[in-house]
Amino acid sequence: MTKRELLWAPWRLKYIRHKKGKKCIFCKAVKSSKADYLIFRMKHAAAMLNIYPYNNGHIMVFPLRHVNRLDKLSKSESGQLFEAVNRAIKLLDKVLKPDGYNIGINILGASGAGIPAHIHVHIVPRWKGDTNFMPIIAGTKVISQSLSELHKLLKDENG
């Protein structure tokens, strides 16, 4: 493997070293009255901010039912999961106005899923020129907005 085939993300080390709780963060978020960083909840799906974002506005969309694969979702759950993805993108379009998105699903642990027991979709807003020297030189990713501020903006826009 050459150096060109590697994707370096040193800012993720904080997440990797973070002690993981035994409870699923997605199940916990929808059951909590406080619901930290939950943006919206639908009948079968919900969306929340990632507290270890790859970029500002990194949202995770997930089914409410605790399942680890797409093929375990009912037609209604599957349909609403992707309705929620579209809803989250529309919110991000209004609030952050990104130039594009990276959207991905890691299924099970070998794929790199940080939470392999509960399937979820990552939505990462991207802007032209949003990569710079900081992650390479300083091992630091610059996120220009606090999670609390962004959460409030998204919740306010969502209604």
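This text goes with the structure placed above it.
Owing to the predicted nature of the structure, the values given are computational and were not obtained by experimental measurement.

About the criteria used
Residues numbered from 1 in each chain as written. Predicted model: local features only at pLDDT ≥ 70, side-chain atom pairs only at ≥ 80, totals over all residues. Heavy atoms only, no water. Core = buried A, V, L, I, M, F, W, Y, C linked by side-chain atoms within 4.5 Å. Buried < 20%, exposed > 50% of the residue type's maximum accessible area, 1.4 Å probe, protein only. Helix = DSSP H or I, 4+ residues; strand = E, 2+ residues; numbered from the N terminus. Contact = heavy atoms within 4.5 Å. Phe/Tyr/Trp six-rings, centres within 6.5 Å; stacked < 30°, edge-to-face > 60°. Lys NZ or Arg CZ within 6 Å of the ring centre and 35° of its normal. Pairing = 2+ DSSP bridges.

**Examining the nonpolar core**
One finds Ile39, Phe40, Ile59, Val61, Ile123 and Leu154 to be the most contacted residues of the largest nonpolar core, which totals 23 residues. Counting residues per element, the ones that place at least two in this core are strand S1 (38-41), strand S2 (45-49), strand S3 (59-63), helix H3 (75-95), strand S5 (121-126) and helix H5 (147-158). With seven residues, H3 is the largest single contributor of residues to this core. When near neighbours in sequence (up to four residues on either side) are disregarded, Phe40 contacts Ala46, Ala47, Ala84, Arg87, Ala88, Leu91 and Asn158. Core analysis: the next-biggest nonpolar cluster, separate from the first, contains 12 residues, Phe26, Met60, Leu64 and Ile115 among them.

**Looking at the packing of aromatic side chains**
Summed over the entire model, instances satisfying the criterion amount to one aromatic pair. With a centroid separation of 4.6 Å and 35 degrees between ring planes, the pair formed by Phe26 and Phe62 is classed as tilted. Here the residue Phe26 occupies a position in helix H2 (residues 25-31), and Phe62 occupies one in strand S3, the gap between them amounting to 36 residues. Take Phe26 and Phe62: they sit in the same class, and that class is buried. One cation-aromatic arrangement involves Arg87 over Phe40; the distance from NZ or CZ to the ring centre is 4.1 Å.

**Here's the deal with the pairing of S3**
Burial runs high along S3: five of the five residues are buried. Because side chains alternate across S3, one face comprises the buried residues Ile59, Val61 and Pro63, and the other comprises Met60 and Phe62, equally buried. With five bridges joining them, S2 and S3 adopt antiparallel strand pairing. Its bridge partner being in S3, Ala46 is matched across the sheet by Phe62. Pairing of S3 with S5 involves three bridges; the strand directions are antiparallel. Along S5, the bridge assignment pairs Ile59 with Ile123.

**Section: the environment of His120**
Structurally, His120 is set in the loop between strand S4 (100-105) and S5. Owing to a relative accessible area of 4%, His120 belongs among the buried residues under this scheme. Sequence-wise, His120 and Met60 are 60 residues apart; in three dimensions their C-alpha atoms are separated by 6.2 Å. For His120, the contacting residues outside a window of four places in its chain are Phe26, Met60, Val61, Phe62, Gly104, Ile105 and Ile115.

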